[in-house]
Amino acid sequence: VLMLAVLVTAIAPAMAQDEFVFGMVLVGPKDDRGWSQAHYEGGLLVEQNVPGARMLVFEKLNAADTPETTLADVVALFVEEGAQVIFTTSDAFEEDPAAIAPMYPDVVFINVSGDDVLSGEAPENLGNVMAMSEWPRLISGCAAALASETGKLGYVGPLINAETRRVSASAFLGAKYCWDKYKGETELEFAVTWIGFWFAIPGVTLDVTEETNRFFDNGYDIVLSGVDTAEMVTVAAARQANGQQVFAVPYNSIAGCTQAPAACLGVPFYNWGLSYIEIVTDVQAGTWEQSWDWVAPSWDSLTDPAGTITGYALGEGLTEEQLALLDEFIAEVIAYGSDEANAESMFLWQGPLNLQDGTELAAEGETVELLDIWYLPQLLEGMIGVSE
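An account of the accompanying structure is given in this report. (Residues numbered from 1 in each chain as written. Predicted model: local features only at pLDDT ≥ 70, side-chain atom pairs only at ≥ 80, totals over all residues. Heavy atoms only, no water.)

**Comments concerning the overall build of the protein chain**
- A count of helical and extended segments in the protein chain gives 13 helices and 16 strands.
- The C-alpha atoms of the protein chain give 21 Å as radius of gyration, which agrees with the globular expectation for 388 residues (21 Å, within 12%).
- Taking all 388 residues of the protein chain together, 58% fall into the buried category.
- When contacts within the protein chain are restricted to residue pairs at least 6 apart in sequence, those whose partners lie at least 24 apart make up 69%.
- Carbon and sulfur atoms make up 50% of the accessible area of the protein chain, which amounts to about 15500 Å² in all.
- A gap of 9 Å separates the mean positions of the 13 positive and 58 negative side-chain charges of the protein chain. (Helix = DSSP H or I, 4+ residues; strand = E, 2+ residues; numbered from the N terminus. Rg over C-alpha atoms; globule rule 2.2 N^0.38 Å. Buried < 20%, exposed > 50% of the residue type's maximum accessible area, 1.4 Å probe, protein only. Contact = heavy atoms within 4.5 Å. Areas by Shrake-Rupley, 256 points an atom, 1.4 Å probe, with all protein chains shown as cover. Lys, Arg positive; Asp, Glu negative; His and termini not counted. Charge placed at Lys NZ, Arg CZ, Asp CG, Glu CD.)

**As for the sheet that holds strand 16 (residues 383-384)**
- Taken in spatial order, the five strands of this open sheet run 10-9-7-8-16, and their pairing is parallel. Since the sheet does not close on itself, it has two edges, and those belong to strand 10 (247-249) and strand 16, each with one partner.
- Here six bridges tie strand 7 (residues 152-157) to strand 8 (residues 189-194), and the two strands are oriented parallel to one another. Within strand 8, the residue paired with leucine 153 across the bridge is phenylalanine 190.
- Strand contacts of helix 8 (residues 208-217): strand 7, strand 8, strand 9 (222-225) and strand 10, with the helix running at about 170° to strand 7, the strand carrying the most contacts.
- Relative to the sheet, helix 9 (residues 231-241) contacts strand 9 and strand 10, its axis offset from that of strand 10 by approximately 170°. (Pairing = 2+ DSSP bridges. Axes fitted to C-alpha atoms, helices over the stretch in contact; angles between N-to-C directions.)

**Re the nonpolar core**
- Grouped together as the largest cluster of nonpolar side chains are 111 residues, with contacts concentrated most on Phe190, Trp272, Leu326, Phe329, Trp349 and Leu380.
- Ranked by residue count, the leading element in this core is helix 6 (residues 134-147), at nine residues.
- The contacts of phenylalanine 190, once residues within four sequence positions are left out, are Leu153, Tyr155, Ser168, Ala171, Phe172, Ala175, Leu224, Gly382, Met383 and Ile384.
- Formed by 22 residues, the second largest nonpolar core is a distinct cluster that contains Phe215, Val235, Ala236 and Ala248. (Core = buried A, V, L, I, M, F, W, Y, C linked by side-chain atoms within 4.5 Å.)

**What about helix 3 (residues 71-80)?**
- Residues of helix 3 that are buried: Leu71, Val74, Val75, Leu77 and Phe78. The buried residues of helix 3 occupy an angular sector of 165° when the element is viewed end-on, so they sit on one face. (Arc of directions from axis to C-beta.)

**Some points on the packing of helix 6 against helix 7 (residues 162-183)**
- Interaxial distance between helix 6 and helix 7 falls to 6 Å at its minimum, and their mutual angle equals 40°. It follows from the interaxial angle that helix 6 and helix 7 lie oblique. Regarding helix 6 and helix 7, the two cross each other, and that crossing is right-handed. Contact residues: helix 6 offers Glu134, Arg137, Leu138, Ser140, Gly141, Cys142, Ala145, Leu146 and Ala147, while helix 7 offers Arg166, Val167, Ser168, Ser170, Ala171, Leu173, Gly174, Ala175, Cys178, Trp179, Tyr182 and Lys183.
- Across the contact of helix 6 with helix 7, the residue classes break down as 12 nonpolar, five polar and four charged. (Parallel < 35°, antiparallel > 145°, perpendicular 65-115°, else oblique. Left-handed = near helix turned anticlockwise from the far one by under 90°. Nonpolar A, V, L, I, M, F, W, Y, C, P; charged D, E, K, R; others polar.)

**Structural notes on the packing of aromatic side chains**
- The tally for this structure, following the rule as stated, stands at 22 aromatic pairs.
- Where tyrosine 177 meets phenylalanine 347, the ring centres are 5.8 Å apart and the plane angle is 70°; that geometry is what we call edge-to-face. Placement of the pair is tyrosine 177 in helix 7 and phenylalanine 347 in the loop between helix 12 (320-337) and strand 14 (353-354), with a sequence separation of 170 residues.
- Since its relative accessible area comes to 27%, tyrosine 177 is described here as partly exposed.
- The ring of tyrosine 251 has arginine 137 sitting right over it, with the charged end atom 3.6 Å from the ring centre.
- Above the face of the tryptophan 374 ring, arginine 166 is positioned so that its terminal group lies 4.0 Å from the ring centre. (Phe/Tyr/Trp six-rings, centres within 6.5 Å; stacked < 30°, edge-to-face > 60°. Lys NZ or Arg CZ within 6 Å of the ring centre and 35° of its normal.)

**Observations concerning the state of the cysteines**
- All chains considered together, the criterion is met by two disulfides.
- Across a sulfur-sulfur distance of 1.9 Å, cysteine 257 and cysteine 264 are joined as a disulfide pair. Between cysteine 257 and cysteine 264, the disulfide has an S-S torsion of -45° and is therefore left-handed.
- Judged by its relative accessible area of 0%, cysteine 264 is buried. (Disulfide = S-S within 2.5 Å.)

**A look at the side chain of threonine 310**
- Note on placement: threonine 310 falls in strand 13 (residues 310-314).
- Note on threonine 310: relative accessible area 0%, which makes it buried.

**Quick notes on unusual backbone geometry**
- Looking along the chain, the bond that leaves glycine 351 and enters proline 352 is cis, with omega of 5°.
- When you line up the elements, proline 352 lands in the loop between helix 12 and strand 14.
- Notably, serine 113 is not glycine yet its phi reads approximately 80°, a positive angle.
- In this structure, serine 113 sits in the loop between strand 5 (108-112) and helix 5 (116-119).

**Quick look at the environment of alanine 191**
- Structurally, the position occupied by alanine 191 is in strand 8.
- Taking relative accessible area as the criterion, alanine 191 reaches 6% and is therefore assigned buried.
- Sequence separation of alanine 191 and glycine 286 is 95 residues, and the distance between their C-alpha atoms is 48 Å.
- Alanine 191 has contacts with Leu153, Gly154, Tyr155, Phe215, Tyr220 and Ile384, leaving out every residue within four places of it along the chain.

**Considerations on the pairing of strand 3 (residues 53-58)**
- Of all six residues in strand 3, six are buried; the element is thus mostly enclosed.
- Because side chains alternate across strand 3, one face comprises the buried residues Ala53, Met55 and Val57, and the other comprises Arg54, Leu56 and Phe58, equally buried.
- Taken together, strand 2 (residues 20-25), helix 2 (residues 35-49) and strand 3 constitute a β-α-β crossover, and its handedness is right-handed. (Right-handed = clockwise from strand over helix to strand, strands pointing away.)

Everything listed here is a matter of coordinates, which is why it stays silent on function.
Okay, structure coming up:
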């Protein structure tokens, strides 16, 4: 228990009467320039905007960094310190919250990226939330295609599941569309490698830096990220310093670009605080209701990190010409997404479209239903890499 207490930050001796305590469980460090940092900063936004809100944080809950600590251990400590809402912020925690939540019926649990509510397996005090990051992933793919001179794009993914397949597939669709429309002298190559977890663990997973270098060594001039961290940006910057024309597209947090802006084409980002504020406010008011929320971007703020739960922050690595073309594509994305007639579909997820093994996903003139995107069983035809 003492060890757990050391790892939990922002715990006060006693809870003030007007205080509202919520817990944030992170799979990685809160300063990873990626996924965990985005959630931590979302919690800070709650503290700044909800009167009396105070966040408890547990970082790096994973088998490598904290092998003897379970989610149940962390939840027990959070509840003891007065937490009324607990956010479990990773697909890595998808199974445990449904088993733990019934033990604490007065606490609301929010699992990010899960589908327990959708599948009907969630206890009544568990909700799910996920942002539709597939939209900014379309933009990331387009940016990569516009900046590529070789037509060879590499994608470093984490582990393989429906979530990671659909977001990498969205990047592919955006890349193929923009390559064919603006640069299609040759066929686009889009290759995916999986490291084995959400971020690199020495001796357990593949190494992000090594995989990024492998892509660059083999003629790929753009590397996109699907992992929690942003090593590929510093790798691209080092290559640029040696005269290579290569770039990277990190993921999750705008901080991913800050370490080497000239090597970065932009970043699909999250602003989780917008949803977290709403959830905490509802729990405070006693109006929270269980739901499965797959939240679309705010179309009038798609490139504004302050205005949408997910979007695309433009990178300094884009030239003026590339930026102008990307702006055209972003306008197409916004026009499609903001049209109520398209509420049950996503841009570019239209037929003819096949899965990697040739199975038809959507025929000519058909759109792929949203749940078929959510549960995408394979990569798409034209993508290089394993699907399972």
